[in-house]
Amino acid sequence: MPAFSHRISQALTQRDEQGLTRKLLAHQGVHQGKLLHHGQAYVHFSGNDYLGLASSAELVQAWQQGLTLWGAGSGASPMVTGFSSIHQELIRELCDWLGYEDGVLFNSGFSANQATLFALLEATDTLVQDKLNHASLMEAGMLSQATMKRFKHNDVAHLDRLLSDNLCNPLVVTEGVFSMDGDKAPLQSIATVCQNKAWWMVDDAHGIGVHGDMGAGSCALAGVKPDILVVTFGKAFGLSGAAVLTRRDVADYLAQFARHHVYSTAMPPAQAHALLHATHMIQTQQWRRDRLATLQQVYHDTFHRLPGYVATDTPIKPFLIGESECALRLATRLRERGYWLTAIRPPTVPQGMARLRITLTADHSPQDIVGLGRALEQLLEEGV
Ligand SMILES: Cc1ncc(COP(=O)(O)O)c(C=O)c1O
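Residues numbered from 1 in each chain as written. Predicted model: local features only at pLDDT ≥ 70, side-chain atom pairs only at ≥ 80, totals over all residues. Heavy atoms only, no water.

Looking up the chain in an unreviewed UniProt entry gives the name 8-amino-7-oxononanoate synthase, with the organism given as Vibrio porteresiae DSM 19223. In UniProt, the chain has this text filed under Pathway (unreviewed entry): "Cofactor biosynthesis; biotin biosynthesis." Among the UniProt annotations of the chain, the heading Subunit (unreviewed entry) holds the following wording: "Homodimer." (UniProt positions renumbered as here; feature names shortened; annotations may be inferred.)

Following this line, the structure appears as structure tokens:
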């Protein structure tokens with residue numbers, strides 16, 4: 001169809017002209033804080049494996065054991081025969097740990113967010129979201145029949161004003177930790193303004209495992225319990241998938257009506273087995289969070305004098321550059337020096353706010369961070 005070809009070629013050309021084309025990279029593996037590419041090991045500052053579980057021998061072994069016990073795949077969607085006792089055990093463990101009655105598993109955080117919002121919201125409802133919420137939440141809001149309103153990032157007074165407007169069936173959604181800025185949502189204040197006015201949901205993709213006692217996440221740290229908690233497994237759990245935790249009736253409803261649950265092959269049981277093990281590792285291996293805290297202090301000591309430094313108390317460290325080309329140039333030059341960083345550019349972040357998104361993992365050493373700081377400082381001095 002000429003119309004498709006024309007549209008596709010125009011969109012690709014425009015992306016290229018704007019310097020926004022992204023390349024799909026095929027590396028040769030990530031292992032303990034290093035990324036292998038064309039035979040070279042780079043210090044890896046681009047992942048979300050905050051606790052270093054993804055390549056830990058213990059978790060790899062747990063998945064291997066899961067494969068031996070359960071086979072390779074689930075073979076069906078959950079409502080047919082894809083759901084097994086190990087999936088059930090994982091949900092039970094998450095609920096006991098995080099204080100919920102029940103939950104539903106999904107194959108990704110993206111599908112968990114979309115499925116939950118699509119299943120819950122009808123045309124008469126109002127979805128109220130933080131402006132910087134993840135694309136999965138924003139897109140669900142745009143595609144759902146509900147009215148969507150957005151409050152200014154972390155601005156509880158704005159949220160309160162919106163909620164005072166007699167909105168019909170409001171559902172408030174925020175993240176626990178924002179993925180591009182590394183800042184935390186004011187969850188206590190959000191809980192207060194939502195009280196008796198709105199249901200609220202927290203996507204704690206970047207907070208679970210990292211914050212709170214035994215890694216119970218942003219909500220535990222803030223001492224709040226949203227009506228719906230989304231826990232994703234692709235970050236601190238070192239695996240992939242997600243769980244939506246909530247009241248039993250809501251979980252029953254999602255299990256019945258969330259289309260990404262009903263019509264998609266269930267997560268492999270071996271993965272559920274590994275996730276159960278990861279849940280135990282997160283709770284019992286406090287040393288990983290202690291190490292992250294030490295590395296965050298090293299980051300602050302090394303970077304705080306550099307222009308572009310942004311203080312956060314999470315392992316996500318945005319380093320603001322401004323123009324996309326400059327961020328790309330810096331990432332390339334840092335790569336030449338053995339550091340793997342990703343330049344984050346619009347449309348992921350607003351125009352003029354391109355950045356290096358530096359993420360820390362318990363697999364890093366203090367020397368890794370000091371070395372990156374020195375390299376970045378030199379490049380900035382050279383005017384790269
Ligand atoms: C806040 C947030 N929610 C959801 C997702 C999607 O999770 P997944 O990668 O499991 O699809 C991401 C992914 O980066 C995220 O940052």
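Draft legend 1. How the structure looks around the site of the ligand. Taken together, the neighbourhood of the ligand is formed by Ser108, Gly109, Phe110, Asn113, His134, Glu175, Ser179, Asp203, Ala205, His206 and Lys235. One of the backbone nitrogen or oxygen atoms of Phe110 is found 2.9 Å away from an oxygen atom of the ligand. Residue His206 places a side-chain N or O atom 2.6 Å away from an oxygen atom belonging to the ligand. With 3 residues, helix α5 (residues 109-120) is the single largest residue contributor to the shell around the ligand. Residues that form the shell around the ligand fall into these classes: 2 nonpolar, 6 polar and 3 charged. (Near = heavy atom within 4 Å. Polar contact = N/O pair within 3.5 Å; in protein donor to acceptor, adjacent residues only side chain to side chain. Helix = DSSP H or I, 4+ residues; strand = E, 2+ residues; numbered from the N terminus. Nonpolar A, V, L, I, M, F, W, Y, C, P; charged D, E, K, R; others polar.)

Draft legend 2. Focus on the packing of aromatic side chains. Going through the model one piece at a time under the given rule, you end up with 8 aromatic pairs. Taking the centre distance of 6.2 Å and the plane angle of 70° together, the rings of Phe303 and Phe319 count as edge-to-face. In this pair, Phe303 is assigned in helix α13 (residues 286-303) and Phe319 in strand β11 (residues 316-322), connecting sequence segments 16 residues apart. For Phe303, a relative accessible area of 0% puts it in the buried group. Within the aromatic cluster, the residues linked to one another by ring pairs are Tyr299, Phe303, Tyr309 and Phe319. Against the face of Tyr100 rests Lys225, its NZ or CZ located 4.9 Å from the ring centre. Across from the ring centre of Trp340, 3.6 Å away, lies the NZ or CZ of Arg335, which sits over that ring. (Phe/Tyr/Trp six-rings, centres within 6.5 Å; stacked < 30°, edge-to-face > 60°. Buried < 20%, exposed > 50% of the residue type's maximum accessible area, 1.4 Å probe, protein only. Lys NZ or Arg CZ within 6 Å of the ring centre and 35° of its normal.)

Draft legend 3. Just the pairing of strand β6 (residues 147-151), in detail. In this sheet, β6 lies alongside strand β5 (residues 126-130) in parallel orientation, the contact comprising 5 bridges. Residue pairing in the sheet places Val128 in a bridge with Lys149 of β6. (Pairing = 2+ DSSP bridges.)

Draft legend 4. Examining the environment of Val202 more closely. By secondary structure assignment, the location of Val202 is in strand β8 (residues 199-203). Judged by its relative accessible area of 0%, Val202 falls in the buried class. For Val202 and Cys168, which are 34 residues apart along the polypeptide, the C-alpha to C-alpha distance reads 20 Å. Contact partners of Val202, with chain neighbours within four places excluded, come to Thr174, Glu175, Gly176, Leu187, Cys219, Pro226, Ile228, Leu229 and Val230. (Contact = heavy atoms within 4.5 Å.)

Draft legend 5. Representation of the environment of Ala54 in the model. With respect to the helices and strands, Ala54 occurs in the loop between β3 (40-44) and α2 (57-70). Exposure remark for Ala54: the relative accessible area of 41% places this residue in the partly exposed category.

Draft legend 6. Broad picture of the domain arrangement of the chain. We note that the domain assignment places domain 1 (25-51 + 286-381) and domain 2 (57-284) within the chain. Computed from C-alpha coordinates alone, the two centres of domain 1 and domain 2 are separated by 27 Å. With 19 residues of domain 1 at the contact, the number on the domain 2 side is 21 residues. Of all residues in domain 1, the largest losses of buried area upon contact with domain 2 belong to Tyr50, Leu51 and Arg289, amounting jointly to 30% of the total for that side. Seen at the junction of domain 1 and domain 2, the total is 2 salt bridges. Across the pair Arg355 and Asp181 runs a salt bridge, and its minimum N-O distance is 3.3 Å. At the boundary of domain 1 with domain 2, the tally comes to 9 residue pairs in polar contact (both at pLDDT 80 or more). Only α13, β11 and β14 (354-359) provide two or more residues apiece to the side of domain 1 that touches domain 2. Sort the elements by how many residues they give to the side of domain 1 that touches domain 2 and α13 lands first, with 4 residues. By residue class, the composition of the side of domain 1 that touches domain 2 is 8 nonpolar, 5 polar and 6 charged. (Domains from an automatic or database assignment. Buried area = accessible area lost by both parts, 1.4 Å probe. Salt bridge = Lys/Arg side-chain N within 4 Å of Asp/Glu carboxyl O.)

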